[in-house]
Amino acid sequence: METVAENKAFGGIQGVYRHASKATGCEMTFGLFLPEEAKDGPVPVLWYLSGLTCTHENAMTKAGAQSWAAEQGIALVFPDTSPRGEDVADDDAYDLGKGAGFYVNATQAPWAPHFSMWDYIAEELPALLGETFPIDLTRQAITGHSMGGHGALTLAMNLPGRFKSVSAFAPISNPTASDWGRKQLTAYLGADEATWAKHDSTLLMRETGFDGPILIDTGTSDQFLDLLKPEALAHAVAERRQQATLRMQPGYDHSYFFVSSFMEEHIAFHADALYQD
């Protein structure tokens, strides 16, 4: 594993690292913030999954998360959103291909050789982190924005017992019924919609729910509300009587100004869960 950069931040270290990934068949880059407490032993970890067009860097530099994570003694992981490289398939559209992995394992050409982001996030990167850094994998939480919020919710509900809590900022909540979803799921997984269900948080909520607290914020002025479909997930939460806090934040849009405005609350929410005995 190659160290790309390490900078001191809020008493801890914000690092960027690159490694060869078996899951994606290419080099992958991720950001990792370790608080000062990591010098003394393993610390809890919060995963942040980014949205369309992003790399590991967007949230690392724009979300304002490190100061609040340092205050709580929590590590932050910022994975990339897709495989990268000259031999990795891509598309001219911003919402398919590089920067748009949708946190699935692609089975269709030309995506299948590299687009195994589910395995990368669920299996390979956690194992690497646990082997290399002072991170307590028994205390994990997950959050994300937009496509990353979709990923956070679907990973949390598909991996029972893995995460103590899950939150999301403006998640794509019902991709099987949205143009931000049907296009990508068809391309990556094929036309059989039965294979899509595990990647739709609304359907998963109806089927399994999540054994822990959920926090979701979406702006009322989000320019992509019709694609995000927060009302579908809200109905599923109500039907299941799931423990969850769903908030529509007046006047906020889809940007990192929105994400950074509520990051402190999300990290405090996860800290409550991560430090419970």
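Scoring rules and cut-offs
- Residues numbered from 1 in each chain as written.
- Predicted model: local features only at pLDDT ≥ 70, side-chain atom pairs only at ≥ 80, totals over all residues.
- Heavy atoms only, no water.
- Helix = DSSP H or I, 4+ residues; strand = E, 2+ residues; numbered from the N terminus.
- Rg over C-alpha atoms; globule rule 2.2 N^0.38 Å.
- Contact = heavy atoms within 4.5 Å.
- Areas by Shrake-Rupley, 256 points an atom, 1.4 Å probe, with all protein chains shown as cover.
- Lys, Arg positive; Asp, Glu negative; His and termini not counted.
- Charge placed at Lys NZ, Arg CZ, Asp CG, Glu CD.
- Buried < 20%, exposed > 50% of the residue type's maximum accessible area, 1.4 Å probe, protein only.
- Salt bridge = Lys/Arg side-chain N within 4 Å of Asp/Glu carboxyl O.
- Phe/Tyr/Trp six-rings, centres within 6.5 Å; stacked < 30°, edge-to-face > 60°.
- Bend = angle between axes of the 7 residues up to and from the residue.
- Polar contact = N/O pair within 3.5 Å; in protein donor to acceptor, adjacent residues only side chain to side chain.

Asks: Quick rundown of the overall build of the chain? Include the residues and the values.
Replies: Looking only at helices and strands, the chain features nine helices and nine strands. For 277 residues, the compact-globule estimate of 2.2 N^0.38 gives 19 Å, and the chain sits close to it at 17 Å. Projected onto the principal axes, the alpha-carbon positions of the chain cover approximately 50 × 45 × 35 Å. Residue pairs in contact within the chain that sit at least 24 positions apart in sequence constitute 72% of those at least 6 positions apart. Carbon together with sulfur atoms contributes 48% to the accessible area of the chain, which is approximately 11300 Å² in total. Averaging the locations of the 18 positively and 36 negatively charged side chains of the chain gives two centres separated by 3 Å.

Asks: Tell me about unusual backbone geometry, residues and numbers included.
Replies: With an omega of 0°, the peptide bond running from A109 to P110 counts as cis. As for its position among the elements, P110 is in the loop between β5 (75-78) and α3 (117-132). At K229, a residue that is not glycine, the phi angle is positive and equals roughly 55°. Position of K229 relative to the elements: it lies in the loop between α7 (225-228) and α8 (230-240). One non-glycine residue, R241, lies in the positive phi region at around 60°. With respect to the element layout, R241 can be found in the loop between α8 and β9 (245-249). With relative accessibility at 77%, the residue R241 sits in the exposed group.

Asks: How would you explain the pattern of salt bridges if you had to name every residue and give the values?
Replies: Applying the stated criterion across every chain, the model contains nine salt bridges. For R18, the salt bridge goes to E2, with nearest N and O atoms at 3.0 Å. One end of the pair, R18, is in strand β2 (residues 12-21); the other, E2, is in strand β1 (residues 2-9), and 16 residues separate them in sequence. Look at R18 and you get partly exposed, because its relative accessible area is 26%.

Asks: Can you break down the packing of aromatic side chains residue by residue, with the values?
Replies: Counted according to the given criterion, the structure contains eleven aromatic pairs. With a centroid separation of 5.5 Å and 90° between ring planes, the pair formed by W111 and Y188 is classed as edge-to-face. Here Y188 lies in helix α5 (residues 179-189) and W111 lies in the loop between β5 and α3, a separation of 77 residues in the sequence. Summarising the burial analysis for this pair, W111 and Y188 share the class buried. Ring centres 6.1 Å apart and planes at 85° place the aromatic pair F169 and F258 in the edge-to-face group. Taken together, the residues span a long stretch of sequence, with F169 in strand β7 (residues 163-169) and F258 in helix α9 (residues 256-274) at a distance of 89 residues. Look at F169 and you get buried, because its relative accessible area is 0%.

Asks: Can you explain the environment of P175? Please cite residues and give values.
Replies: Looking at the element boundaries, P175 is found in the loop between β7 and α5. Note on P175: relative accessible area 0%, which makes it buried. Between the alpha carbons of P175 and W196 there is a distance of 8.8 Å; along the sequence they are 21 residues apart. Sequence-distant contacts of P175, that is, excluding residues within four places in its chain, are made with H150, W180, G181, R182, L185, H199 and D200.

Asks: Tell me about the environment of G149, and please be specific about residues and values.
Replies: Residue position: G149 is located in helix α4 (residues 147-158). Each C-alpha atom, one on G149 and one on V166, is 9.3 Å from the other, the two residues being 17 residues apart in sequence. Excluding its chain neighbours within four sequence positions, the residues that come into contact with G149 are L49, G144, A168 and P171.

Asks: Just give me the short version of α9, but keep the residues and values in it.
Replies: An α-helical turn contains 3.6 residues, so a residue and the one three or four places further along point in the same direction. Largest kink in α9: about 45°, centred on M263. Those residues of α9 that sit buried are Y256, F258, V259, F262, M263, H266, I267, F269, H270, A271, A273 and L274. The backbone nitrogen of F257 has a side-chain oxygen 3.2 Å away, supplied by the residue at the start of α9, namely S255.

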